[in-house]
Amino acid sequence: MNTASFERYEGMLKVTGQARYEGEIIPEGMLHAALIESSVASGELQGLDASRAAALPGFAAIVTHTDAASLKPSAANALIRETAVHFHGQPVALVAADTLAQAREAARAVQVSITAKPALTQMDQAFSAAYSPATVGRFPAASRRGDSSKALDDAEHVVRNHYVTAVNNHHPLEPHAVVCWWENGKAVVHTSTQAVFGTRAVIAQAFDMQAADIRVLARFLGGGFGCKGQLWWPWMLWAMLASRKAGRPVRLELSRAQMFTLVGRRQETAQDLALGFVDGRLTAIEHDVVAQTSSHAEFSDSTAVYTRFLYACPNVSTHHRLVRTNEPQPVPMRAPGTAPGTFALESAMDEAAELIGIDPLELRVRNFADHDQESGRPWSSNSLLECYRVGAERFGWAHRHRQSATQLDRWKIGLGMATTLYPAIRQACRARVSLSRDGSLLVQCGTQDMGSGTYTALAQIAADALGISMEKVTVELGDTSLPDGPFSGGSQVTASIFPAVEAATSKLRAALVRAAVAKATSPLSGKPTDDLEFRDEMIGSRSSNAGERLVDVLARAAPDGLEAEGESPATDHQNLAATGMGYGAIFVEVGVDTGLGEVGVRRVCAAFAAGRIVNPLLARSQYIGGLIGGIGMALHEQTVTDRTTGCILGKSFADYLVPVHADMPEFDIAMIEEDDPHLPGGVKGIGMLGTAGIQAAIANAVYDAIGKRIRNLPIRIEDCLA
């Protein structure tokens, strides 16, 4: 496949306001909804008196746990079926009215009676109650190979430290919204979701309906990062119940403050990590993680899992434990597990390099894992060493001692680096391609574009396969009436759709080639099929100048056009011949003002290896977006909870800091393209690679600048004061 830097397929629609997000759909007679929230972090709902609200102008309906009792029970709707209160801000009812102002007024008028109970509002209040889950993601929660305890005792050098990462919230620009209605017992749901088919399945289960009677649409999303999934479903289901009860369409949109509590967050972690070395080589790793989960559900990032893979080491033990608190439920957030996990591991590797007296980059190269340490399988491809080489060369790492710890005006300059990784996996996917007689191409897949460029990737893959210009391609996404597509998450979408679209276009190519060579008067008559190629809207011979226009072949072979579907399976983790992993090396330069405690990232050079790159322009954008998210985790983002009430403090962008344009460094991105025969299309995911690793690189650079190890994220002003 030819790779080219096409601009976003939907870019002009978005910048001109023509892209309609699902919350912007306005059906006739639409009601607006508002949520009634608990003012305690733990308790029991005793009753709701809606009589005053019902008397207000515009009031249409109220739904509570009593209405939700009609739903078929599942984890997705448990919160709206019970009377228990598990966290501050948990909704206890939804009110619908003619206008949003009327809905909010009615919500305030509902009298709520809750019996408060003692609440655990911080993880450190209950470390003694930590327990071990069975799994973290798709991995066992604990692992052991060799004898790490004995190997640490026998090691020449040991680094042992404690690392903490704070709660972060996702906060995509587009808030969560749903506009839904019922038509003759069938449901139409326009909603901001990263999984239209997963959402349809939840609705079908809850309402005991056939999936065919539910249509879910999410044609454009303004970001998600992991939060537009399962924790949004309860409030969406309440909106659907309100619509059915009132007999009118209902719209619910979360406020920015509600997005802090209702749709997930990156969980807080406390990590104990020990590394043992003999002759500069890892002989032992122990990585123990304690993380927060909610009182009503269980979630754990695979924080220590990637410690099992990244470096060659014969003795490794990892363990995850959870602490239940009366706080909102965590969910995956971009680079789940790898971002907090590599912060600890890559910080410790730098500390080990100093202890041993070796360059931090050389220590990592010396401990390169040439195969999957857990399974014993080979890597499908692994260009990490090349990432180190290219990144170091472009960054000027060899000359770092001339630049680091120098003074530039009020800034002390420091340099640091770290490794990043993320598994290459894929989901099952189906895609449909339709070639019209005029040579235009329609590509359809039900998956949604979260903003990462799925529209463009689909168009580009199909257009390239059939030699058609991008201007003649139409892409339809985000609709359960289309072929089943993957959810948007885990850096899987492009890797999932590539083989499905390739299979569909291969069927079209085969039919067109047969028609071209079969016609006696065709310039391609009798040509070997493996000699033909599709280019410039022609079917041409590689060995000669012979060719025929695609539309001419279509006119005689399929005057009504051609259509084909392709599908691809999910990754079969049990029967892999080789382990797929994407890698990167991230180098940063920071400036630290020791008088003010300010840290600024001045320069980032990152080299990534993630298989075949479909679109370098979009890939670069994805990498930079990930790096910016990692900078936010390292220096800005922290969700703070009041210990007494369990209320999240500062639930707005005035208090929850995120990186802005003024914080942006110079980015130098190198993409090491790999030929990976083990993966369909040779494609790996790229969305997560930039977000992980950079936190440790920044912390390592801060140490290089001021000689102070900071093991808590975010790095705060007071951490850096002289």
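Residues numbered from 1 in each chain as written. Predicted model: local features only at pLDDT ≥ 70, side-chain atom pairs only at ≥ 80, totals over all residues. Heavy atoms only, no water.

### Looking at the overall build of the protein chain
Part 1 of the argument: Secondary structure summary: the protein chain contains 17 helices and 32 strands in total.
Part 2 of the argument: In terms of C-alpha radius of gyration, the protein chain reaches 27 Å, essentially the compact-globule figure of 27 Å for 722 residues.
Part 3 of the argument: Split into buried and exposed, the 722 residues of the protein chain put 60% on the buried side.
Part 4 of the argument: For the protein chain, long-range pairs separated by at least 24 residues make up 80% of all intrachain contacts whose partners lie at least 6 apart in sequence.
Part 5 of the argument: Counting only carbon and sulfur atoms, one obtains 50% of the accessible surface of the protein chain, whose full area is about 27,200 Å².
Part 6 of the argument: Here the protein chain holds 65 positive side-chain charges and 78 negative ones, and the gap between their average locations is 2 Å. (Helix = DSSP H or I, 4+ residues; strand = E, 2+ residues; numbered from the N terminus. Rg over C-alpha atoms; globule rule 2.2 N^0.38 Å. Buried < 20%, exposed > 50% of the residue type's maximum accessible area, 1.4 Å probe, protein only. Contact = heavy atoms within 4.5 Å. Areas by Shrake-Rupley, 256 points an atom, 1.4 Å probe, with all protein chains shown as cover. Lys, Arg positive; Asp, Glu negative; His and termini not counted. Charge placed at Lys NZ, Arg CZ, Asp CG, Glu CD.)

### Looking at unusual backbone geometry
Part 1 of the argument: Cis geometry marks the peptide bond from leucine 713 to proline 714, where omega comes out at 0°.
Part 2 of the argument: On the secondary structure map, proline 714 appears in the segment after strand S32 (712-713).
Part 3 of the argument: Phi is positive for aspartate 409, which is not a glycine, with a value near 55°.
Part 4 of the argument: Considering the arrangement of structural elements, one finds aspartate 409 in the loop between strand S18 (407-408) and strand S19 (411-423).
Part 5 of the argument: For aspartate 409, a relative accessible area of 69% gives the class exposed.

### Some words on the state of the cysteines
Part 1 of the argument: If you walk through the whole model with that rule in mind, you get zero disulfides.
Part 2 of the argument: The thiol of cysteine 180 is not disulfide-bonded; the next cysteine sulfur, from cysteine 227, is found 19 Å away. (Disulfide = S-S within 2.5 Å.)

### Let's talk about a nonpolar patch on the surface
Part 1 of the argument: Side chains of Phe653, Val658 and Val660 sit close together on the surface and give an oily, nonpolar patch of about 240 Å² of accessible area.
Part 2 of the argument: Residue placement: phenylalanine 653 occurs in the loop between strand S30 (648-649) and strand S31 (666-671).
Part 3 of the argument: With relative accessibility at 41%, the residue phenylalanine 653 sits in the partly exposed group. (Patch = residues over 30% accessible without salt bridge, like charges linked within 9 Å, V, L, I, M, F, W, Y side chains within 5 Å. Salt bridge = Lys/Arg side-chain N within 4 Å of Asp/Glu carboxyl O.)

### Points about the pairing of strand S1 (residues 31-37)
Part 1 of the argument: Here S1 lies mainly inside the structure; six of its seven residues are buried.
Part 2 of the argument: Relative to strand S14 (residues 250-253), S1 runs parallel, the two being bridged by two bridges. Counted as the bridge partner of leucine 31 is valine 250 from S14. (Pairing = 2+ DSSP bridges.)

### Here's the deal with the pairing of strand S16 (residues 281-294)
Part 1 of the argument: Burial runs high along S16: twelve of the 14 residues are buried.
Part 2 of the argument: The pairing of strand S15 (residues 269-278) with S16 spans ten bridges and is antiparallel. By the bridge assignment for S16, valine 278 is matched with arginine 281.
Part 3 of the argument: What sits between the antiparallel neighbours S15 and S16 is a turn of two residues, in which aspartate 279 has the positive phi angle 55°.
Part 4 of the argument: Taken together, the ten bridges between S16 and strand S17 (residues 316-325) define a ladder with parallel strand orientation. Bridging from a neighbouring strand, glutamate 286 pairs with serine 317 of S17.

### Some thoughts on the sheet that holds S15
Part 1 of the argument: Strands sit in the order S9-S17-S16-S15-S10-S32 across an open sheet of six strands; the sheet is mixed. What marks the edges here is a single partner per strand, and that holds for strand S9 (142-145) and S32.
Part 2 of the argument: This element, helix H9 (residues 338-356), spans strand S10 (157-165), S15, S16 and S32 of the sheet and lies at about 150° to S10. (Axes fitted to C-alpha atoms, helices over the stretch in contact; angles between N-to-C directions.)

### Notes on the side chain of threonine 641
Part 1 of the argument: Tracing the chain through its elements places threonine 641 in strand S29 (residues 640-641).
Part 2 of the argument: For threonine 641, the contacting residues outside a window of four places in its chain are Thr121, Gln122, Arg265, Glu327, Gly646, Cys647 and Ile648.

### Brief notes about the packing of aromatic side chains
Part 1 of the argument: Under the counting rule described, the total for this entry stands at 16 aromatic pairs.
Part 2 of the argument: Aromatic pair tryptophan 235 and tryptophan 238: ring centres 5.8 Å apart, planes at 50°, arrangement tilted. In this pair, tryptophan 235 and tryptophan 238 both sit in helix H8 (residues 233-246), three residues apart, roughly one turn of the helix. For the pair shown, tryptophan 235 and tryptophan 238 are each scored as buried.
Part 3 of the argument: Plain terms: the ring middles of tyrosine 306 and tyrosine 422 are 6.3 Å apart, the flat faces sit at 25° to each other, and that makes the pair stacked. (Phe/Tyr/Trp six-rings, centres within 6.5 Å; stacked < 30°, edge-to-face > 60°.)

Remember, this is a structural readout, not a statement about activity or role.
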